[in-house]
Amino acid sequence: MWLTRILVPEEFGLAAIAITIVLMAGALNDAGMSSALVRRAWPAQTLTFTVFWTQLAIGFALAAIVVVAAPGLGWIFGRADAVPLIRLAAVALIANGIASVPWATLQRAERFGAIAVSETIASALAILTAVSLAVSGTGAYAALSLFVVPAVVRAGCLLISSGLRPRLRFSRRVLGSILPYALNLLGEQLINMGAQQLDRTLIGIRLGAPQLGIYHQAGQVLIIPLQLLAWGTSAALFPAFAKQQTDLGHLRVSYLGSTRLFVALVFPIYTGAWSLRTDSTGQSRVLTKIAT
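One structure accompanies this document, and this report is about it. (Residues numbered from 1 in each chain as written. Predicted model: local features only at pLDDT ≥ 70, side-chain atom pairs only at ≥ 80, totals over all residues. Heavy atoms only, no water.)

1. Description of the packing of helix α5 (residues 91-108) against helix α9 (residues 209-243)
Part 1 of the argument: Interhelical geometry of α5 versus α9 gives an angle of 70 degrees and a closest axis separation of 9 Å. Between α5 and α9, the crossing angle belongs to the class labelled roughly perpendicular. Residues Trp-103, Gln-107 and Arg-108 of α5 touch α9, and the partners they reach there are Trp-231, Ser-234, Ala-235, Phe-238 and Pro-239.
Part 2 of the argument: Looking at the contact of α5 with α9 residue by residue, the classes come out as 5 nonpolar, 2 polar and 1 charged. (Axes fitted to C-alpha atoms, helices over the stretch in contact; angles between N-to-C directions. Helix = DSSP H or I, 4+ residues; strand = E, 2+ residues; numbered from the N terminus. Parallel < 35°, antiparallel > 145°, perpendicular 65-115°, else oblique. Contact = heavy atoms within 4.5 Å. Nonpolar A, V, L, I, M, F, W, Y, C, P; charged D, E, K, R; others polar.)

Here you go:
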């Protein structure tokens, strides 16, 4: 939010182009396999190592595709100056591939303190980097660093705190045992990511980087309460639900109860966000529509 006082909407828009592209590619990053690990009470080491190397390979492959396709993607958005930003943002795909299994390992063990420490370190370093870059006049790179830096730092912290030491083990048979669940989840992730990023893609193509920058920042402000509530609760609830998967009655009660509580918390927050909008430049109309 402080960067909005330093950077212009066009610089946020250029960063948003790169972030949107990488987020859409990132829907394939996890492919549902880390969640499959969390569902297993005692996953074998061979499965853990197989998923790790698979995720890492997917991350490198997606990053390579984005790097090669960057000039064409820049042309689609009508911004050749977005190409280096797109290529830099692709680093996050590799980082996410590294972080996926360590994250699942900590989540399954319900070691949320270790996860919180990793996320806090990543966020703090991202803020320091973004502020330093913004003050030095790097423009869009400062905005992009809020996306790339935490992904890289988070991956390193999670790998260390999880105690995972990947060995060169890989089994196609073991990988096949989780594919039915993983592919179903992947399909849901692709649909969800498309729904989340399609609007930004169309705005960037049709209206340009400045308008996308305004729209992106409005969305970033309004997603803060959702991130604060949803990230922690979903991370904690998923392994808890996984332990109840054989007791559907208990699982149903837990799921509906947590959903009611979450909605009860979120509804007044977004009602308040809508009521606190201001309108001196007309830009708050975007904020109002997103809040609604």
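2. Section: the nonpolar core
Part 1 of the argument: Judged by nonpolar contacts, the single largest core of 47 residues is most densely connected at Leu-7, Ile-17, Ile-86, Leu-93, Leu-144 and Phe-147.
Part 2 of the argument: Among the elements of the structure, α1 (9-30), α3 (45-77), α4 (83-89), α5, α6 (112-135), α7 (140-162) and α9 are those that each provide at least two residues to this core.
Part 3 of the argument: A total of 10 residues in this core trace back to one element, the largest contributor, which is α1.
Part 4 of the argument: If we ignore the near neighbours within four places in the chain, the residues touching Ile-17 are Phe-77, Arg-79, Ala-82, Ile-86 and Leu-212.
Part 5 of the argument: Core analysis: the second largest hydrophobic core is formed by 18 residues, Ala-36, Leu-37, Val-51 and Ala-104 among them. (Core = buried A, V, L, I, M, F, W, Y, C linked by side-chain atoms within 4.5 Å. Buried < 20%, exposed > 50% of the residue type's maximum accessible area, 1.4 Å probe, protein only.)

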